[in-house]
Amino acid sequence: MMKPGKTGLTRIISAGGYSLQGLKSAYHNEAAFRQECWLAGVLLPLAIWWEVGLVARLLLIGSLLLVLVVELLNSAVEAVVDRIGPEHHELAGRAKDMGSAAVLLTLLLAVLTWGLVLLDYLA
């Protein structure tokens, strides 16, 4: 059974609006997301300009976008955990730590990707 509400194009437009709200909220409220946006703002044009093959270009761009996606998910987890209450709970701490670890691994993947493409380019 479908959920009542908007359907078709109006649902897609509403969903797009909610997505933009989420991006704005993350940018205004999350310092790490802002920093990663600025980093992507510098590196994305470089990835487009750089004379590398299509696959390397996609890896460069994809690794940066993946960092932003994982940071958004981590921020969402943190917001939900913080909404539940300020007291420390082992599971809440674990959830936040795992989200942070996911961001770290994604950042390491981006660094590795950019480093290997650079090494290949210089060879």
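Residues numbered from 1 in each chain as written. Predicted model: local features only at pLDDT ≥ 70, side-chain atom pairs only at ≥ 80, totals over all residues. Heavy atoms only, no water.

1. With respect to the overall build of the protein chain
If you tally the helices and strands in the protein chain, you get 4 helices and 0 strands. Counting helices and strands in the order they occur from the N terminus, the protein chain gives α-α-α-α. Taking 2.2 N^0.38 as the reference for a compact globule, 123 residues should give roughly 14 Å; the C-alpha atoms of the protein chain span a radius of gyration of 18 Å, well beyond that estimate. Counting across all 123 residues of the protein chain, residues that qualify as buried make up 24%. If you take every contact in the protein chain between residues at least 6 apart in sequence, the share linking residues at least 24 apart comes to 63%. Approximately 9100 Å² of the protein chain is accessible, and the part contributed by carbon and sulfur atoms is 71%. (Helix = DSSP H or I, 4+ residues; strand = E, 2+ residues; numbered from the N terminus. Rg over C-alpha atoms; globule rule 2.2 N^0.38 Å. Buried < 20%, exposed > 50% of the residue type's maximum accessible area, 1.4 Å probe, protein only. Contact = heavy atoms within 4.5 Å. Areas by Shrake-Rupley, 256 points an atom, 1.4 Å probe, with all protein chains shown as cover.)

2. Some thoughts on the packing of aromatic side chains
Two measures describe an aromatic ring pair: the distance that separates the ring centres and the angle between the ring planes. In total, this model carries 2 aromatic pairs according to the counting rule given. Measuring from ring centre to ring centre gives 5.2 Å for Trp50 and Tyr121, while their planes differ by 65°; the resulting arrangement is edge-to-face. Here Tyr121 lies in helix H4 (residues 90-122) and Trp50 lies in the loop between helix H2 (31-49) and helix H3 (54-84), a separation of 71 residues in the sequence. Residue class for Tyr121 comes out partly exposed when judged on its relative accessible area of 42%. By way of ring pairs, the aromatic residues Trp50, Trp114 and Tyr121 are connected into one cluster. (Phe/Tyr/Trp six-rings, centres within 6.5 Å; stacked < 30°, edge-to-face > 60°.)

3. Focus: the confidence of the model for the protein chain
In the predicted model, the protein chain carries a mean pLDDT of 94, and 98% of its residues have values of at least 70. Within the protein chain, no element has a lower average pLDDT than helix H1 (residues 8-29), which sits at 93, and none a higher one than H2, at 97. (pLDDT = per-residue confidence, 0-100.)

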